[in-house]
Structures are given as C-alpha cells and as structure tokens.
Amino acid sequence: HKNLTSVTMQAPVAFFDVTPIGRVLNHFAADMQTVDIELTQSISQLAGCFTNVLGAVAAIAAATKGTFMALAVPLVYIYLTVQRLFRRTSTEVERLSKISRSPIFADFSQALTGAPSIRAYCRQGTFLTNALNAMDANNAAIVSVQLCFNWLGIRLELIGASVSFVIVTVAVFGNGFIPAGWRSCEIMIC
C-alpha cells in the first residue's frame, strides 16, 4: 500500500489525464481488501487443503500397498494441466472484473463532487442509467469469474471421482490384495 501511494503521488499529471479516478481508487480498495481479508483466508485454506490431501494420499497409498502411486503420476500431470488452463483464464477474467469495477468508483466519485450540478441540470436519470449499466457490466464479469471457479471445481471433482473409482475397483476385484479391515475404511472415505 505504501508503494502504491508513493508511485501514485509521483505519477506525472498526464497519468491522471488518461487514467480514470475510479481505476486509481479501485487499486487502493482492491489492495486493502486482498491484504485484510483474502490473504488470511487463502493461507488458512491452503494449510487445511494441504494436510487433507497429504493424509488422503498417505492412507490410499498404504491401503493399496503403493499401487496407487502408479496412478498418482498421471493424476498429477492432469491436475497441473487443468491448473495451468485455469490460471490463464482466471487471471484475465479477474482483470476484466477489476477493470469493470473502475467506472462504478469513478461515477460515484464524480457524483459526490458534482451533485449540485447534476441536480441543477436534472441529469439524475442519466447518472442512474450510467451507474446501472456499469453495475451490470461488473456483475457480468463477476459471474464469469464464478463460472471459471465452477469449471475448475468440476474438473477437480472428476479427478477425485476417478481416484475413488480406481480404489473401489482394486478393493472389489483385488481379493486378498487389500486386507478386510482396510476395505471398510476405504469405502467410508469414498
């Protein structure tokens, strides 16, 4: 935040001529939201997810006597491919979402400073229409972000379902391969 403030204050006047004030305000608001809210949640989710995945992989590898590790290599490759595709797309869609938020901030800022002029020229309807259009564009971008995450969720669920299928297949058809005590644990996990 300090660097952003410093760079913004040292920017030439031409920067403010071509950059809407809403975009500048949006950067400040987004940075503070990321640091205050999203960063702590992301770290917590990462730690929980890492321990869950590590525990599940260890349990499955032990139950299948290491056979699962042969399946793990293609699964890791598939996962990395899905992750690469998701990252490229989500980065661009997130960028569009943030850019579409800028006109909302700009219009609001201008309306606060120019409220007497807006009332004097009876332009409330025009301002309201512009604000609603900007919000619609931003909502469309937000829905696109959510759809990207749904796309990722479906792919990850498919990978998880394929792991469950392989484990159940080994448990059912591998008589004597997996001890009876482990079979009940695997079915409960799946």
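Refer to the preceding data block for the structure.
In what follows, the accompanying structure is described. One numbering rule holds for all chains: residues counted from 1, following each sequence as written. With pLDDT at 70 or above as the cut-off, local features in this predicted model cover only qualifying residues; side-chain atom pairs require 80 or more to be listed or tallied, and sums for whole chains, interfaces and linings still use all residues. Remark: hydrogens and water are excluded; side-chain values derive from all non-hydrogen atoms of the structure.

## A short note on the side chain of threonine 8
- Looking at where threonine 8 falls in the secondary structure, it is placed in helix α1 (residues 2-10).
- Look at threonine 8 and you get buried, because its relative accessible area is 13%.
- Residue contacts follow a heavy-atom distance rule, with two residues in contact if any of their heavy atoms lie within 4.5 Å. In this structure threonine 8 touches Phe16, Val24 and Phe28, once residues within four positions along its chain are discounted. Secondary structure elements follow DSSP: runs of H or I of four or more residues count as helices, runs of E of two or more count as strands, with numbering from the N terminus. To sort residues, take the accessible area from a 1.4 Å probe on protein chains only and compare it with the maximum for the residue type: under 20% means buried, over 50% means exposed, and anything in between is partly exposed.

## Observations regarding the pattern of salt bridges
- Here, a salt bridge means any Lys or Arg side-chain nitrogen found within 4 Å of an Asp or Glu carboxyl oxygen. Enumeration over the complete set of coordinates arrives at 1 salt bridge.
- One salt bridge in this structure joins arginine 95 and glutamate 92, with 3.0 Å as the shortest N-O distance. Linking arginine 95 with glutamate 92, this pair stays in helix α4 (residues 68-113), spanning 3 residues, or about one helical turn.
- On the basis of relative accessibility, which here comes to 38%, the residue glutamate 92 falls in the partly exposed class.

## Re the nonpolar core
- Counting residues in each nonpolar core, the largest one holds 7 residues, listed as Ile60, Phe68, Ala72, Leu75, Ile159, Val163 and Ile167.
- Counting residues in each nonpolar core, the second largest holds 6 residues, with Val82, Phe86, Val145 and Leu152 among its members. Put simply, a nonpolar core is a bunch of buried Ala, Val, Leu, Ile, Met, Phe, Trp, Tyr and Cys residues held in one set by side-chain atoms that sit within 4.5 Å of each other.

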